[in-house]
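# Structural overview for review
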Amino acid sequence: MFEIAKSLDEALSVITDGCMLVVPREVSGVPMEATRALIRRGIKNLHLVALPTSSLQADLLIGAGCVETLETSAVSLGEYGPAPRFTAAILNGTIRMKDATCPALHAALQAAEKGVPFMPLRGLIGSDVLKYRDDWKVIDSPFGDNDPIVLLPAIKPDVALFHAAMADRFGNVWIGRTRELSTMAHAAEKTVVTVERMHDGNLLDDPALAAGTLPGFYVDSIALAERGAWPLPLPDQYGADAAHLAEYAKLAATEDGFAQYLGKHVYAKQVA
Amino acid sequence: MFEIAKSLDEALSVITDGCMLVVPREVSGVPMEATRALIRRGIKNLHLVALPTSSLQADLLIGAGCVETLETSAVSLGEYGPAPRFTAAILNGTIRMKDATCPALHAALQAAEKGVPFMPLRGLIGSDVLKYRDDWKVIDSPFGDNDPIVLLPAIKPDVALFHAAMADRFGNVWIGRTRELSTMAHAAEKTVVTVERMHDGNLLDDPALAAGTLPGFYVDSIALAERGAWPLPLPDQYGADAAHLAEYAKLAATEDGFAQYLGKHVYAKQVA
Amino acid sequence: MTFRPEELLADQIARLIGGVRHVAVGNASPIPAAAALLARERGKGRPYVSLLGSPKNTFWTDGARELFDCAGQGRIDVFFLSGGQIDGHGNVNLVEIGDHDHPKLRFPGSFGSAYLYYVVPKVILFRTEHSRRTLVPQVDYISAPGASAPNVFRPGGPVALITNRCLFSFADGRFTLRSVHPGHTIDEVMEHTGFDFDKPAHVPETPAPSAETLTLLRQTVAPQLAELYPQFAKQVFGIELKAAQ
Amino acid sequence: MTFRPEELLADQIARLIGGVRHVAVGNASPIPAAAALLARERGKGRPYVSLLGSPKNTFWTDGARELFDCAGQGRIDVFFLSGGQIDGHGNVNLVEIGDHDHPKLRFPGSFGSAYLYYVVPKVILFRTEHSRRTLVPQVDYISAPGASAPNVFRPGGPVALITNRCLFSFADGRFTLRSVHPGHTIDEVMEHTGFDFDKPAHVPETPAPSAETLTLLRQTVAPQLAELYPQFAKQVFGIELKAAQ
């Protein structure tokens, strides 16, 4: 049942070594303060599912040695270039990569949300994305005539983790239009959320706010983390810290630089 | 492309004889004023999909002879008893009934929303709901070991029709938590909406309102219809008119009484 | 304290609900709704209660599908079903009596039963008309079966059937008589039940609801119920219908 | 008027977009984004333009999946793809160079290409590095194939490839050279293209963007672009990056 955590670390305690953790894409409320806390704790062997892509978060976790398996459709720093620690890990073979395509991850999470073992998806046939996924199956659609279609097994994460603008003391979290966060929480066994601020009253009592609210029923733990998505953006709240991301891209290009970044921005708990 | 209709009848002009029309359940914004207008126009041979159930709306349309096929999970007046014209039509064999179960209709509309030919659903196996639906298929799940599962073909309506609290001049419609309306609009070729009132400004500009908004991109026509769900309720706006529903249940018990109801409340355009 | 039959049933159903996390109640189920709200009052807010159709008593923000998705996730522990017919195998019929091509009687339809009966761990059947017309050897139409073949995915199913005369439990494909309500007899139950069931050597009387329970039902549950079931709340608890706005 | 190469490409892509209803632009695509915004300015609000990652330039309210659902509904007419490698069959590679078990180079990943390339009617390929390294006979990894077997559901696919040197059209599994950009030659295109393509007898020069187009791009499009692509807007149009809040 839901509780407001006494600390960020307490809220994150359900995220254990080796668990399957699903996190949102770079613009949908990435829990960066929580990610730094997980790295400080020294979390290991994560099966990280980034829905459907990632940027700084996956790169940091990979660089810090927290990830065993990565399941996503792309990792990139966007305008700031490739994700250096992700790229190095793939080339060095230090993580297991499950390459996907964006709608496949959405569909696989929705399968778990609906309690079905799989979801169908068009596309994919003839691609190497499909070729290297022996967990995906092709069937002949029983509604067609020689009509192959891919079935994707449900992804049921142990924990969903994201950052949002606000929550109330009943565990309700306002997610606005980023409804994939709702799907993540529905699909996962447990859900941990960091928020910018607490909302007075009950978010479900106001019809306008309720429409953008993930009910506390699905939420296990909430911690306050002001500017908790920094240096990534939080929708409708703040933009990305471009200078910081440029600094990251530069430092993370080498292992030494990355270690320096970790020391300065993660282990030192320093926040702009 | 979207337009604000000059009249309700103009907005409804895309709903033609014989088309597949999807409408929401009894508490999710039933377009009753639009329904009365369709009956006045004398619409015929509808394939009516009620997502996933219906009450007064399906009963009225059936009684007025507008429906050829009904696809839904239940029609009932709830506390006011069985839906008399629906019951009579089934017993007299005057409509074709495609009995479903609620999540099957949600899933089949979501299949159309996602552009997949089918969606899987648990349950159903061993039921007569499945037995009488030769358009539904059972496969052995390729992810299981002797694990049968039902596949439901996508339902792609010609038109989605519903009533909502407000819209703006860009065609954006505020639907709040009744997100099945969004799925209906995504799944249907065209979408027609009646609303209580017009909203100044752009609903998508306010993050709180945007979270409960169906974008105008999916909406073809909007007409104003104040108390347009009457005598059914509109979420967060007004409740059901219990006395009127009791009157309907009483009158509609006989063909004569139903004709009297139509004369008084539909053809006379009389609204409480 | 005197009590109405509906109060006894609500009390019994609340006991059947037990210490779960989440109870959902479907359409046209005022007695189960009263029972769920009673369980919530007793549990000081636990279980979560979701009353389909009641904005005040549902947390859903993902549309009408969320109930079914939630059940598919294993997040609904208790649900309720009734039936125009219920048979001794636990099959429920919400569709029709007679031949499918020319039915003699038509009910509203299967609602979510053909899904929820399979996936909700504790489904409590209720039928306030206990007769050979409603409790039959074999239903005419299976909206949802009481049991499934071993290879069919089925984490859920029926655990009990409560009627105006008695309470049955359900296990291994059969009903067992558990108690007979005050004012009714075992012989009467046997006379009015169309299906075969097991009968232990001793069948107790269903206990009357306590004074505390009746007070909770009348003073706390009934006003909450009136939002969704105005006619029921008026008939059973004398709660007056509010005019529609 | 003098113009930058990016401005020529944006102009050309805007022409390729044509009179459609809805153009969507994915991640890391500043030139297609500029072209889509240019098309919208020319069309006075039509087509709808969706820029992935830009709240101001997307109408999505159903989460990150809505782009893909929308495409699945047939409601996205034009999309853009690039590739670490693109081959003469229209295959794109967004994943890796070298052997799959021991790649020599890794790109970010396939994003939505393995779906959108199949279902969006007009996919415009773009690659600003036109070389034998990028335009190859056969990609090392097929993120999404240029063509599919006849029985594979495929309403969409590539219609064109635009590079820093030229414009190709794509049909029946092959590229055809359509125009060569000012300052470049056919021989140069042949020298730097790793795949075989068709070459009509007459290949015109790609027309320069008009003064009106350049004004639109610089004064109206560039400021809109800066929200999502601050570095690109600064480099190409001299629009200054706003500080993050």
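The structure displayed is predicted, hence computed values, not measured ones. (Residues numbered from 1 in each chain as written. Chains lettered and ligands numbered in written order. Predicted model: local features only at pLDDT ≥ 70, side-chain atom pairs only at ≥ 80, totals over all residues. Heavy atoms only, no water.)

When helices and strands are tallied, chain A shows 10 helices and 13 strands. In terms of overall dimensions, chain A is globule-like: its C-alpha atoms have a radius of gyration of 19 Å, near the 19 Å expected for 272 residues. Along the first, second and third principal axes, the C-alpha set of chain A runs to 60 × 50 × 30 Å. Nonlocal contacts in chain A, meaning residues at least 24 apart in sequence, comprise 74% of its contacts between residues at least 6 apart. By element, 48% of the accessible surface of chain A is carried by carbon and sulfur atoms, the whole surface being about 8,600 Å². Computed over 24 positive and 33 negative side-chain charges, the separation of the two mean positions in chain A equals 2 Å. (Helix = DSSP H or I, 4+ residues; strand = E, 2+ residues; numbered from the N terminus. Rg over C-alpha atoms; globule rule 2.2 N^0.38 Å. Contact = heavy atoms within 4.5 Å. Areas by Shrake-Rupley, 256 points an atom, 1.4 Å probe, with all protein chains shown as cover. Lys, Arg positive; Asp, Glu negative; His and termini not counted. Charge placed at Lys NZ, Arg CZ, Asp CG, Glu CD.)

All right, on to the pattern of salt bridges then. Tallying each qualifying case throughout the model produces 50 salt bridges over all chains. Taking the shortest distance from any N to any O, the salt bridge between A:Arg133 and A:Glu71 comes out at 3.0 Å. Here A:Arg133 is found in the loop between α6 (128–131) and β7 (137–140), whereas its partner A:Glu71 is found in strand β4 (residues 67–72), with 62 residues between them in sequence. A:Glu71 shares its class with A:Arg133; the two are buried. One salt bridge in this structure joins C:Glu129 and C:Arg127, with 3.4 Å as the shortest N-O distance. (Salt bridge = Lys/Arg side-chain N within 4 Å of Asp/Glu carboxyl O. Buried < 20%, exposed > 50% of the residue type's maximum accessible area, 1.4 Å probe, protein only.)

On to the packing of helix α9 (residues 242–251) of chain A against helix α10 (residues 255–267) of chain A. All names here are of chain A. Two numbers describe how α9 lies on α10: the axes approach to 7 Å, and their chain directions differ by 140°. With respect to each other, α9 and α10 are oriented oblique. Listed contacts from α10 to His244, Glu247, Tyr248 and Leu251 of α9 are Gly257, Phe258, Gln260, Tyr261, Lys264 and His265. Split into classes, the residues belonging to the contact of α9 with α10 amount to four nonpolar, four polar and two charged. (Axes fitted to C-alpha atoms, helices over the stretch in contact; angles between N-to-C directions. Parallel < 35°, antiparallel > 145°, perpendicular 65-115°, else oblique. Nonpolar A, V, L, I, M, F, W, Y, C, P; charged D, E, K, R; others polar.)

Contacts between the two partners involve 43 residues from chain D and, on the opposite side, 46 residues from chain A. Of all residues in chain D, D:Arg65, D:Arg106 and D:Phe111 bury the most surface against chain A, accounting for 19% of the area lost on that side. Of the charged contacts in the structure, one is a salt bridge between A:Asp99 and D:Arg106, with a shortest N-O distance of 2.7 Å. Applying the counting criterion to the chain D and chain A interface returns 18 residue pairs in polar contact (both at pLDDT 80 or more). Looking at the side of chain D that touches chain A, the elements that each hand over two or more residues are β7 (102–106), α4 (113–119) and α7 (230–237) of chain D. Top element by residues in the side of chain D that touches chain A is α4(D). It accounts for five residues. For the side of chain D that touches chain A, the class distribution of residues is 26 nonpolar, 12 polar and five charged. (Buried area = accessible area lost by both parts, 1.4 Å probe. Polar contact = N/O pair within 3.5 Å; in protein donor to acceptor, adjacent residues only side chain to side chain.)

As a further point, take the interface of chain B and chain C. Facing the 47 residues of chain B at the interface are 44 residues of chain C. With both sides pooled, the region where chain B packs onto chain C buries about 3,600 Å², and carbon together with sulfur makes up 58% of that total. It is B:Glu79, B:Arg122 and B:Arg177 that lose the most area in chain B upon contact with chain C, and together they represent 16% of the buried surface on that side. Here chain B is connected to chain C by 18 residue pairs in polar contact (both at pLDDT 80 or more). Among the elements of the structure, α4 (84–92), β5 (96–99), α5 (102–114), α6 (128–131) and α7 (180–187) of chain B are those that each provide at least two residues to the side of chain B that touches chain C.

Before going further, it helps to examine the nonpolar core. In this structure, A:Val173 and B:Val173 are the most contacted members of the largest nonpolar core, which totals 166 residues. Discounting chain neighbours no more than four positions away, the residues touching B:Val173 are B:Phe162, B:Ala164, B:Met166, B:Ala167, B:Val193, B:Val195, B:Leu203, B:Gly212, B:Thr213, B:Leu214, B:Val219 and B:Ile222. If you look at the next biggest cluster of nonpolar residues, it comprises 51 residues, including A:Ala11, A:Met32, A:Val75 and A:Ala252. (Core = buried A, V, L, I, M, F, W, Y, C linked by side-chain atoms within 4.5 Å.)

Within helix α7 (residues 180–187) of chain A, eight of the eight residues are buried, which leaves it mostly tucked inside the rest of the structure. Among the residues making up α7(A), those that are buried are A:Glu180, A:Leu181, A:Ser182, A:Thr183, A:Met184, A:Ala185, A:His186 and A:Ala187.

Residues and elements named next belong to chain B. Structurally, Ile95 can be placed in the loop between α4 and β5. Judged by its relative accessible area of 11%, Ile95 falls in the buried class. A sequence separation of 25 residues divides Ile95 from Leu70, and the C-alpha atoms of the two residues are 7.1 Å apart.

Another point: the sheet that holds strand β5 (residues 92–93) of chain C. Residues and elements named next belong to chain C. Pairing is mixed in the open sheet, where three strands are placed in the order β5-β4-β9. Strands at the two margins of the open sheet, each flanked by one partner only, are β5 and β9 (135–136). Where strand β4 (residues 85–87) and β5 come together, two bridges link them in antiparallel fashion. Bridging from a neighbouring strand, Gln85 pairs with Asn93 of β5. (Pairing = 2+ DSSP bridges.)

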